[in-house]
Amino acid sequence: MRRVVVGVTGSPGSLTALHRAAAEARVRDAELRVVLAWQSPGGELGSRGGLGPSALAECRATAVERLRDSLDTAFGAGRPAVTLAGFTVRGTPGAALVDTARDPEDLLVVGTGSRAALHRLVRPSVARYCLAHAACPVLVVPPSPLQAELDAAHRRNFWRMPLDPRELAR
């Protein structure tokens, strides 16, 4: 069966990618696989330092809850008209997505994430990782225009810049 694999984090950008993936799954008559990657506190080095099975089980349970919240936020009470499967995978997001979408007939859908320079320095791009390593086509979904406007408003508030009244007229 053909599959459309999408990564989610609960962020507005990942929810945009989730909606696009659901539309692609409907068009392709494919199964929609929603993946949320998680890591233990401190990454893999932190888990070697003494996190017990109960702490890892709690991390996984938190990831499952985040996945459910993301699906509820994206689709509400009604699920998309496709076969839907949700997965929580322990690992880095890019590697988890590439591993899940390993069949050449799959389609991998990812959001672009934040484009802020500082954010790019601190956290590597999942979309770039997937484009470089995936064995299937990758669809990279840009953020919604509303998200770009919201980010601009946050930057304006952070720098305490006044709002130009002409911007309200748009």
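Preceding block: the structure.
Residues numbered from 1 in each chain as written. Predicted model: local features only at pLDDT ≥ 70, side-chain atom pairs only at ≥ 80, totals over all residues. Heavy atoms only, no water.

Novice: Mind showing me how you'd approach unusual backbone geometry here?
Specialist: Trans peptide bonds make up most of the peptide bonds, and negative phi angles are found at most residues other than glycine. Within the chain, Asp 29 stands out as a residue other than glycine whose phi angle is a positive 50°. Within the secondary structure layout, Asp 29 lies in the loop between helix 1 (12-28) and strand 2 (31-38). (Helix = DSSP H or I, 4+ residues; strand = E, 2+ residues; numbered from the N terminus.)

Novice: Even after reading the chapter, I still don't get the sheet that holds strand 4 (residues 107-111), so can you show me in this structure?
Specialist: The pairing of strands in a sheet happens through backbone hydrogen bonds and is either parallel or antiparallel. Reading across from one edge, 3-2-1-4-5 is the order of the five strands in this open sheet, with parallel pairing throughout. Both outer strands of the open sheet, strand 3 (84-90) and strand 5 (138-141), are each paired with one neighbouring strand and no more. Averaged over all adjacent pairs, the angle separating strand axes in this sheet is 25°, with direction ignored. Examined bridge by bridge, strand 2 and strand 3 share seven bridges and lie parallel to one another. The residue bridging Val 34 from the neighbouring strand is Gly 86, located in strand 3. (Pairing = 2+ DSSP bridges. Axes fitted to C-alpha atoms, helices over the stretch in contact; angles between N-to-C directions.)

Novice: So what exactly am I meant to see when it comes to helix 1 here?
Specialist: Three or four residues apart is the spacing at which side chains of an α-helix point the same way, because the helix has 3.6 residues per turn. Taking 1.5 Å per residue as the helical rise, helix 1 with its 17 residues ought to reach 24 Å, and the 24 Å between its terminal C-alpha atoms agrees with that figure. Taken together, the buried residues of helix 1 touch strand 1 (3-7), strand 2, helix 3 (53-75), strand 4 and strand 5. Asp 29 sits one or two residues past helix 1 and shows a positive phi near 50°. (Expected span 1.5 Å × (residues − 1). Contact = heavy atoms within 4.5 Å.)

Novice: Sorry if this is basic, but what is going on with the pattern of salt bridges here?
Specialist: Enumeration according to the criterion identifies five salt bridges in this entry. With its nearest N and O atoms 2.5 Å apart, the salt bridge here joins Arg 3 to Asp 106. In this pair, Arg 3 is assigned in strand 1 and Asp 106 in the loop between helix 4 (93-100) and strand 4, connecting sequence segments 103 residues apart. Of the two residues, Arg 3 and Asp 106, both sit in the buried class. Here Glu 65 makes a salt bridge to Arg 68, at a shortest N to O gap of 4.0 Å. Taken together, the residues span about one helical turn, with Glu 65 and Arg 68 both in helix 3 at a distance of three residues. Glu 65 sits in the partly exposed class, given a relative accessible area of 39%. In this structure, a network of salt bridges that share partners links the residues Arg 20, Glu 24 and Arg 28. (Salt bridge = Lys/Arg side-chain N within 4 Å of Asp/Glu carboxyl O. Buried < 20%, exposed > 50% of the residue type's maximum accessible area, 1.4 Å probe, protein only.)

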